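Spelled out from the first residue to the last, the chains are:
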Amino acid sequence: MRTTPKQAGGGRHRDALVAKARDTIEEGSKSFAFASKLFDKVTRERVWLLYAWCRRCDDIADAQDMGGELGDQSDPAKRLSSIRLLTQRAMDGQPTADPAFDALGLVAMECGITREMTDDVIAGFALDAKDWRPRNEGDLMQYCYHVAGAVGVMMAKVMGVQLDDEDTLDRACDLGLAFQLANIARDVGEDDAADRCYLPVEWLVYQDIEPGQHMKPHHRKELHSMAVQLADLMDSHAKASRVGAHRLPFRSRWAVLSAARIYTGIGHKVRDQGPEDWLERVQTTKMAKLGHVFAAFFEALGPAPKMHEMPRWNRRDLAERARAA
């Protein structure tokens, strides 16, 4: 019996995969697409390739297109199985008939992304597939680790960080955690419309909010208070991530610091708006993004920040917590 020979990218031409991945990031995330232009050419293309896989997995898991309206939510286990199967084939160098998964196979070969890394990300989709809800802050951070912190680790590999540089990988995870905390703070209303809630049950109980009632107008003040908690957690991890960013080559450092400023700016707007205003989806203008990029340039030229105390939650503890669950 003939077997299909292993080929990174499933045998697709690299230029075609890069072009498709570039289109994906430009449509899927204007903020990431904007920041990615600051990388050198090779790193930029690899960032696009990895993003394409992340975006496609998210779309399959939620039965949507480019993060748009949710589709049929029946049989999430089948969608999760598809993600796992296609990812396995991609990591084995087999064709998948899906450019985003073939893109993963290519970038994994080029940068040394491991199966364990992809499994950590897929575990986040598995939590959503079983209608999971966080009971406490640790559960919340475990979810953030899977869906974003683990992606930060993969992005660090794309930027040339070695597997034995544990501290820099920790700092890359911190940036992913910060991004996801900003997302959760911004998207409370959208998540509720999709029958999801990432606010820990313990936080809701502390605020004396009845189950399933957190979006009611009379709880607006309490809900905003929890958004402030999320933004504060975001800040602590974003500050820690800057330590690792200063170990990267200049263009990667500039790009990462720009993305950090753009995304934490979303969290800050959520925190700073009043209880009556913040539930309207926060947007970032192109001029604001340019301002963040300009400020990040000078930050990248300066010294690494001093951290007197690292965040309570860290990559290794969250990974061990997940595997013990």
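Rules and cut-offs
All residue numbers here refer to positions counted from 1 along the written sequence of the relevant chain. Predicted model: local features are reported for residues with pLDDT of at least 70 only, side-chain atom pairs are reported and counted for 80 or more only, and whole-chain, interface and lining totals are derived from all residues. Side-chain calculation: all heavy atoms of the structure are included, whereas hydrogens and water are not. For the purposes of this entry, the term helix denotes a DSSP run of H or I that reaches at least four residues, the term strand denotes a run of E that reaches at least two, and both are numbered from the N terminus. Both definitions apply: the radius of gyration is a C-alpha atom measure, and the globule rule equals 2.2 Å times residues to the power 0.38. For every residue, the accessible area (1.4 Å probe, protein chains only) is compared with the maximum for its type, and the residue is labelled buried under 20%, exposed over 50%, or partly exposed between those bounds. Contacts are residue-level and defined by heavy atoms, with any inter-residue pair within 4.5 Å sufficient. Only buried Ala, Val, Leu, Ile, Met, Phe, Trp, Tyr and Cys residues count toward a nonpolar core, and they belong to the same one when joined by side-chain atoms within 4.5 Å. For salt bridges, the criterion is a side-chain nitrogen of Lys or Arg within 4 Å of an Asp or Glu carboxyl oxygen. The aromatic pairing rule takes the rings of Phe, Tyr and Trp, using the six-membered ring of Trp, and pairs them if the centres are within 6.5 Å, calling planes under 30 degrees apart stacked, those over 60 edge-to-face and the rest tilted. To get an axis, fit a line to the C-alpha atoms, keeping to the stretch in contact for a helix; angles then go from 0 to 180 degrees between the N-to-C directions. Any angle that falls under 35 degrees is termed roughly parallel, while one over 145 is termed roughly antiparallel, one within 65 to 115 roughly perpendicular, and all others oblique. In a left-handed crossing the near helix is turned counterclockwise from the far helix by less than a right angle, and in a right-handed crossing that turn is clockwise. Each residue gets one of three labels, nonpolar for Ala, Val, Leu, Ile, Met, Phe, Trp, Tyr, Cys and Pro, charged for Asp, Glu, Lys and Arg, and polar for the others, Gly among them. What a helix should span is 1.5 Å times the count of its residues minus one. Whenever a nitrogen or oxygen atom comes within 3.5 Å of another N or O atom, the pair is scored as a polar contact, on the condition that within protein one atom can donate a hydrogen and the other can accept it, and that pairs from neighbouring residues in sequence are kept only if both atoms are in side chains.

Description of the overall build of the protein chain
For the protein chain, the count of helices and strands is 14 helices and zero strands. In terms of overall size, the protein chain behaves like a compact globule, its C-alpha atoms giving a radius of gyration of 19 Å where 325 residues would be expected to give roughly 20 Å. Overall, the C-alpha framework of the protein chain stretches about 65 × 50 × 35 Å when taken along its three principal axes. Across the 325 residues that make up the protein chain, the buried fraction comes to 54%. Of all intrachain contacts in the protein chain linking residues separated by at least 6 positions in sequence, the fraction that spans at least 24 positions is 74%.

Considerations on the nonpolar core
Counting 99 residues, the largest nonpolar core has L50, W53 and L140 as its most contacted members. Per-element tally for this core: the top contributor is helix α7 (residues 137-158), with twelve residues.

As for the pattern of salt bridges
Using the criterion set out here, one finds 27 salt bridges in the structure. Note that D62 is salt-bridged to R196, the shortest N-O span being 2.6 Å. Of this pair, D62 sits in helix α3 (residues 41-62) while R196 sits in the loop between α9 (188-193) and α10 (201-206); the two residues are 134 residues apart in sequence, bridging distant segments of the chain. Since its relative accessible area comes to 15%, R196 is described here as buried. For the salt bridge of D131 with R133, the shortest nitrogen-to-oxygen distance reads 2.8 Å. Given a relative accessible area of 28%, R133 falls into the partly exposed group. The network of salt bridges with common partners includes R14, K41, E45, R46 and E110.

Some details on the packing of aromatic side chains
Taken as a whole and judged by the stated rule, the model has eleven aromatic pairs. Geometrically, the ring pair formed by F32 and Y51 is tilted, given 6.5 Å between the ring centres and 55° between the ring planes. You can see F32 sitting in helix α2 (residues 30-36) and its partner Y51 sitting in helix α3, a full 19 residues away along the chain. The exposure class of F32 is partly exposed, given its relative accessible area of 27%. Both rings, one in F294 and one in F298, keep their centres 5.1 Å apart while their planes meet at 70°; by these two values the pair is edge-to-face. Pair noted here: F294 and F298 are both in helix α13 (residues 286-301), with a separation of four residues, about one helical turn. Connected via pairs of aromatic rings, a cluster forms that spans F250, W254, F294, F297 and F298.

Considering the packing of α7 against helix α11 (residues 220-245)
Following both chains from N to C, one finds α7 and α11 inclined at 55°, their axes separated by 13 Å at the closest point. Considering the angle they form, α7 stands oblique to α11. For α7 against α11, the interelement crossing comes out right-handed. Touching E137, L140 and M141 of α7 are L230, L233 and H237, all from α11. A per-class count over the contact of α7 with α11 returns four nonpolar, one polar and one charged.

Some words on unusual backbone geometry
One non-glycine residue, D195, adopts positive backbone phi at about 60°. Given a relative accessible area of 56%, D195 falls into the exposed group.

Points about the environment of L177
Along the chain, L177 turns up in helix α8 (residues 166-186). Taking the C-alpha atoms as reference points, L177 and P249, 72 residues apart in sequence, are found 22 Å from one another. Setting aside residues up to four positions removed in sequence, L177 forms contacts with M141, C144, Y145, G149, H237 and L318.

Here we look at the packing of α3 against α7
Axis separation between α3 and α7 bottoms out at 9 Å; the angle between their running directions is 155°. Viewed along their axes, α3 and α7 adopt a mutual orientation that is roughly antiparallel. The hand of the α3/α7 crossing is right-handed. Where α3 approaches α7, its residues T43, R46, V47, L50, Y51, W53 and C54 are matched on the opposing element by V151, M154, M155 and V158. Residues that form the contact of α3 with α7 fall into these classes: nine nonpolar, one polar and one charged.

Observations concerning helix α5 (residues 99-111)
In this model, α5 (13 residues) spans 18 Å end to end at C-alpha, consistent with the 18 Å of a helix rising 1.5 Å per residue. Among the 13 residues of α5, ten are classified as buried, and the element is accordingly described as predominantly covered. Taken as a whole, α5 has its buried residues at A100, F101, D102, A103, L104, G105, L106, V107, A108 and C111. Those residues of α5 that are buried are in contact with α1 (14-28), α3, α4 (76-91), α6 (115-129) and α7. Backbone nitrogen of A100 and a side-chain oxygen of the N-cap are separated by 3.0 Å at the start of α5; the cap is D98. Just downstream of α5 lies G112, where phi reads positive at about 80°.

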